Amino acid sequence: MDNSLPPADELVLVDRELAQLEARRTQLLARRAWLVQVLYRPARAATPQWPVTPAAPAADSTPRSAQNVLLTLGGTLLTIAAVAFTLVSWGSMGIGGRAAVLCAVTGAALSAPVVLLRRGLVSTGESVAVLGLVLTVLDAYALHRVALSDTDGLGYAAVASAVLAGAWAAYGSALPRLRVPLPAGVVAAQLPLPLGVLAAGGGATAFAWAALVTAAADGAVVLWTRPLPVRITAGAGAALLGGWALLTGGWLSVSSPWSGAPLLLAGAAVCLYAAWRTPGWAVAASVVAGLAVVAAVGGLLRSAVPGDWAVPGYVLCGLALASVWRAGAGARLPRGVRTGLAGAGAATVALGLLWALPPVVGGALGPLARTTEVWSGEHTGPALVAYPATAALVLAVVAAALASVPRLWARCGALALVWALLTALPVAPGLPYAATLALQLLTTAAALWIAVRPAPLTRGLPRPGATPAASPDARTTTDRTTDPTNRPATAATGPSGTPATGPSGVSATGPAEPPASGPAGQSASGPAGQSAGGSVPPPPSAPPRVPGAGFGAPGTGWMPPRPRPQASAAEPGTVLGWVAYAGGLVSAAGALALALDVRGATFLALGAVLGLLTGVATFGTGARRAVSACGAVLAAAGLVFAGAAAAGLEAHWTGLALLLVPAATAAVGATARPVALPVEITGAAVGLSALGLAASRPAFLALVLALGGVIAAATAVRPERRRFASWTAAGLFLLAAWVRLGAWGVTTPEAYTLPVTVPALVVGFLRRRRDPEASSWTAYGPGLAVTLLPSLGAAWTDPEWVRPLVLGVAALVVTLLGARFRLQALLLLGGTVLALDGLHELAPYVVQVVGALPRWLPPALAGLLLLAVGATYEQRLRDARRLRERLARMR
């Protein structure tokens, strides 16, 4: 049975279905648009939309700042008006009217902020409250002028400030949203005690006590109140008044120690309590407390001992205070407190050492400032006269204290102070000349011995890289609850600083909380896998953290930090050796300068220093060995110079004698390889001084140069010195020959140049034989130029014919050799010199011929030459190129 519709009916049915589908599609598109708008509206709201239109210009001030400015100006104007009314317009009203006006205005000003705060006008209420506070001050002033005019002004001000402080504090506590009344009450509380003391006629001591008590009260406010403006105001007051009290106590410790000591000790107690309670300010407060204690106790000692013992007394107090650093660790003092007290003690000791420094400087540098002639037998007077001998005691006590500390810096300081003590000993007691020189030489010997063998001084010092033993300071950190400067641990930790875990990976702090989950066991998350809180899930590369596992455990994604590379610490022996070596060199220089007063002492000191430095160069290590070797060479040169001066030799003979030193250094350099180079350089410097001494006599200068060449030639025998020493020897021999020729009055340049040319040409020939590719300019150019160019200059000024003839023949030979062997340097140098020499010889005849010819002939010949060159220009260019190429192919 055929059920198909006719084509016309089927077309109508299809059109109807398509229309329904189009309507449904339109409905679904509208629904989709609505759903997109609902879903992505929060994202668009959270994302800032940058406007396309240009932004409006920013305002110069915000509404809040403009409001504050207006309120401040208004309150200031009202305050000025109230003051003017009180002071200027007071007499135009009766007693009742005046009281009524002030009470009414003050009450209104203090009551208005209550209403303003209820309506949220905080800034306006703040301004009106400030006006009310100022009016209370004016009320107090008016009360004194009207009713209590007979009372003492300072006493009334003290009582009024106390009443105002209490009233303002109560007012600020009743209205905690106002920020000004409470700090204003703190400011007013600074005045009662100091003003009361002044009203009672108390002196500087009583005023300082009042300031200290007020500062202590301010400290209590800082510790026990919460508003930050109040704490800042109280802290500023405590610092100002407490500082004044301590400065007064310091002045009293000098003028009246028994009055200043209690004040300083009380201030120290207040500072220590503040340091204990405030870890952030512990170091600063403890420093102030330590200095106060030193000033108090030192002042008492100063009043009981002679004047020269005052500084040692202060130094002893400083050392006792500095010892708190280690002693306080066992008593579990906070680290900040111990640091501050130790710093105050160290500062006191440093000032004492600075006071004891002048004798050290005088002993070390005094001999260098000479006022007498060398070897005159007279001695320079002491640089310091009547300086207290207790300076040496200060150095000794501090050195002993530092020696007891097993630290490298302390051991270095102790060593330096011992050297300073030995250096200052001759100055303070005024030792005689012989004893002073002997002590300086002994100091030099001891210091240099320590520089070579510092091991005894390193006993008890920790080695670099070794794990230090547990100190008392480290043991105190185990109990964190007893130290207010340390924070309690936030979680139990296991070994290596990881959180301790119990069985099955459960943390010691409690079981791990499972993640919050929604229906079907899935975690509560929003679209696209984001959590409900908006957090972003970790990247896929980071593994999830295992619940209960500590940091650094497998599967946590956290690795333990890599150890940072630490710089290699210097060995204690090396550091101590350098400290001792520096002191030894300074003492050696002072001893040598002091020994110049007496001839015998000079030889003794030079010999002793030479022996000591030779010992350090032999048995020492590192750079100290090289420096000592150079110093030994200089000491040997000093011995030779002193010997020549003692023998009465002239300067040129002395220069000849000084050549013994470079000769000896050349011999020593052949065996003492580690110090060979610095020794030879120092010997060469001594040789240069010998040249300077012999320069006044050319004959002796030539002899000294020749002997120096011999020494250099002997040094050139060694393979490692052959290159440099051989050239040096050749140069010295050449200079010796030139000086000798000059002494003989030889003026012929060839006598000076040929001794250079012949060896230079031989060396160039040998080099070309070894390296045929070497340039002729490098091999033969310098040697030929040394002779040809000076001879050419002499030939142009020589009226005879012999020199130009010989020079021309020599230049012709050189040119022919260059053309034969294709050597560029010989061809160009020889040809140039030959042409210039021939021009010089033909110039007179050319002048005569030109003078005999008609005047029109030279221009005509020049024109013909130019025409010939122009006609054959291309050929001449080709000839020039071929000539250039042939010259370029030459060596």
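Just so we're clear, the structure is a prediction, and the values are computed from it rather than from any experiment.

Participant: How should the pattern of salt bridges be read in this particular structure?
Facilitator: Oppositely charged side chains can form a pair if their charged atoms are brought close together. Applying the stated rule across the entire model yields 6 salt bridges. Arg718 is the salt-bridge partner of Glu680, the closest N and O atoms lying 2.4 Å from each other. Here the residue Glu680 occupies a position in helix H25 (residues 676–694), and Arg718 occupies one in the loop between helix H26 (698–715) and helix H27 (722–744), the gap between them amounting to 38 residues. By relative accessible area, which is 13% here, Glu680 ends up buried. Here the salt bridges do not stand alone but share partners, grouping Glu680, Arg718, Glu720 and Arg721 into one network.

Participant: Sorry if this is basic, but what is going on with H26 here?
Facilitator: For an α-helix, the turn length of 3.6 residues means that residues three or four places apart are oriented alike. With 18 residues, H26 extends 25 Å between its outermost C-alpha atoms, agreeing within 8% with the 26 Å of an ideal straight helix rising 1.5 Å per residue. Looking only at H26, the buried set comprises Phe700, Leu701, Ala702, Val704, Leu705, Gly708, Gly709, Ile711, Ala712 and Thr715. For H26, the elements touching its buried residues are helix H23 (651–658), helix H24 (660–669), H25 and H27.

Participant: What is the right way to read the packing of aromatic side chains from this model?
Facilitator: Describing an aromatic ring pair means giving the distance of the ring centres and the angle of the ring planes. Summed over all chains, the structure comprises 5 aromatic pairs. When the ring centre of Trp325 is taken as reference, the NZ or CZ atom of Arg338 above it lies at 4.7 Å. In this structure, Arg624 is placed above the aromatic ring of Trp578, and the distance from its NZ or CZ to the ring centre is 5.3 Å.

Participant: Is there a simple way to explain empty space enclosed by the protein in this structure?
Facilitator: In this approach, a probe sized like a water molecule rolls over the atoms, and the result shows the empty space that is left. In total, this model carries 1 cavity of 30 Å³ or more according to the counting rule given. Taken as a whole, the largest cavity encloses approximately 60 Å³ of empty space. Forming the walls of the largest cavity are Gly363, Ala364, Leu422, Thr423, Gln440, Thr443, Val586, Ser587 and Gly590. Mapped onto the lining of the largest cavity, the elements with two or more residues apiece are helix H15 (357–365), helix H17 (408–424), helix H18 (433–452) and helix H20 (572–595). The element contributing the most residues to the lining of the largest cavity is H20, with 3 residues. Partitioning the lining of the largest cavity into residue classes produces 3 nonpolar, 6 polar and no charged.

Participant: Even after reading the chapter, I still don't get H23, so can you show me in this structure?
Facilitator: Residues of H23 that are buried include every one of His652, Thr654, Gly655, Leu656 and Leu658, and no others. Turning to H23, the residues buried within the fold contact helix H22 (622–647), H24, H25 and H26.

Participant: Teacher, can you tell me more about the nonpolar core here?
Facilitator: What tends to happen in soluble globular proteins is that the nonpolar side chains get buried as a cluster. Leu395, Val398, Leu402 and Leu417 are the most contacted members of the largest nonpolar core, which has 18 residues in total. Listed by contribution, the elements that provide at least two residues to this core are helix H12 (310–322), helix H16 (390–403) and H17. Here the element with the most residues in this core is H16; it accounts for 7 residues. When residues no more than four places from it in sequence are discounted, the contact partners of Leu402 are Trp409, Ala410, Arg411, Gly413, Ala414 and Leu417.

Participant: Please explain the confidence of the model for the protein chain as it appears in this structure.
Facilitator: Close inspection of predicted coordinates is inappropriate for parts of the model with low pLDDT. With 77% of its residues at a pLDDT of 70 or more, the protein chain shows a mean pLDDT of 80. pLDDT under 50 marks residues 43–64. Its contacts with residues more than four places away, or in other chains, come to 4 contacts. Of the regions scoring below 50 in pLDDT, residues 467–563 engages in 83 contacts with residues more than four places distant in sequence or in other chains.

Participant: Explain a nonpolar patch on the surface here, please?
Facilitator: Among the surface-exposed residues, Trp801, Val802, Leu805, Val806, Val809, Val813, Leu817 and Phe821 lie close enough to one another that they form a single nonpolar patch of about 780 Å² accessible area. Within the fold, Leu805 resides in helix H31 (residues 802–821). On the basis of relative accessibility, which here comes to 47%, the residue Leu805 falls in the partly exposed class.

Participant: Explain the environment of Leu441 here, please?
Facilitator: Here Leu441 shows up in helix H18. Distance from Leu441 to Ala608, taken between C-alpha atoms, is 7.7 Å for residues 167 residues apart in sequence. Here Leu441 is in contact with Ala591, Ala605 and Ala608, once residues within four sequence places are set aside.

Participant: Teacher, can you tell me more about the packing of H26 against H27 here?
Facilitator: Describing two packed helices takes the angle between their axes plus the distance from one axis to the other. Where H26 contacts H27, the axes come no closer than 8 Å and their chain directions differ by 165°. Considered as vectors, H26 and H27 are oriented roughly antiparallel to each other. The handedness of the crossing between H26 and H27 is left-handed. In this structure, H26 contributes Pro698, Ala699, Leu701, Ala702, Leu705, Ala706, Gly708, Gly709, Val710, Ala712, Ala713 and Thr715 to the contact, and H27 contributes Ala725, Thr728, Ala729, Leu732, Phe733, Leu735, Ala736, Val739, Arg740 and Ala743. Tallied by class, the residues present in the contact of H26 with H27 amount to 17 nonpolar, 4 polar and 1 charged.

Participant: Which parts of the structure should I look at to understand the packing of helix H5 (residues 153–174) against helix H7 (residues 192–199)?
Facilitator: The contact between H5 and H7 brings their axes to 8 Å, and the two run at 160°. The angle between H5 and H7 falls in the class roughly antiparallel. Handedness of the H5/H7 crossing: left-handed. From H5, Leu154, Gly155, Ala157, Ala158, Ser161 and Ala162 reach across to H7, where they touch Pro192, Leu195, Gly196, Leu198 and Ala199. Partitioning the contact of H5 with H7 into residue classes produces 8 nonpolar, 3 polar and no charged.

Rules behind the numbers
Residues numbered from 1 in each chain as written. Predicted model: local features only at pLDDT ≥ 70, side-chain atom pairs only at ≥ 80, totals over all residues. Heavy atoms only, no water. Salt bridge = Lys/Arg side-chain N within 4 Å of Asp/Glu carboxyl O. Helix = DSSP H or I, 4+ residues; strand = E, 2+ residues; numbered from the N terminus. Buried < 20%, exposed > 50% of the residue type's maximum accessible area, 1.4 Å probe, protein only. Expected span 1.5 Å × (residues − 1). Contact = heavy atoms within 4.5 Å. Phe/Tyr/Trp six-rings, centres within 6.5 Å; stacked < 30°, edge-to-face > 60°. Lys NZ or Arg CZ within 6 Å of the ring centre and 35° of its normal. 1 Å grid on protein atoms, 1.4 Å probe; cavity = no way out; pocket = protein on both sides within 12 Å on 5 of 7 lines; lining within 4 Å. Points joined across faces, edges and corners; volume = space filled by probe spheres on them. Nonpolar A, V, L, I, M, F, W, Y, C, P; charged D, E, K, R; others polar. Core = buried A, V, L, I, M, F, W, Y, C linked by side-chain atoms within 4.5 Å. pLDDT = per-residue confidence, 0-100. Patch = residues over 30% accessible without salt bridge, like charges linked within 9 Å, V, L, I, M, F, W, Y side chains within 5 Å. Areas by Shrake-Rupley, 256 points an atom, 1.4 Å probe, with all protein chains shown as cover. Axes fitted to C-alpha atoms, helices over the stretch in contact; angles between N-to-C directions. Parallel < 35°, antiparallel > 145°, perpendicular 65-115°, else oblique. Left-handed = near helix turned anticlockwise from the far one by under 90°.

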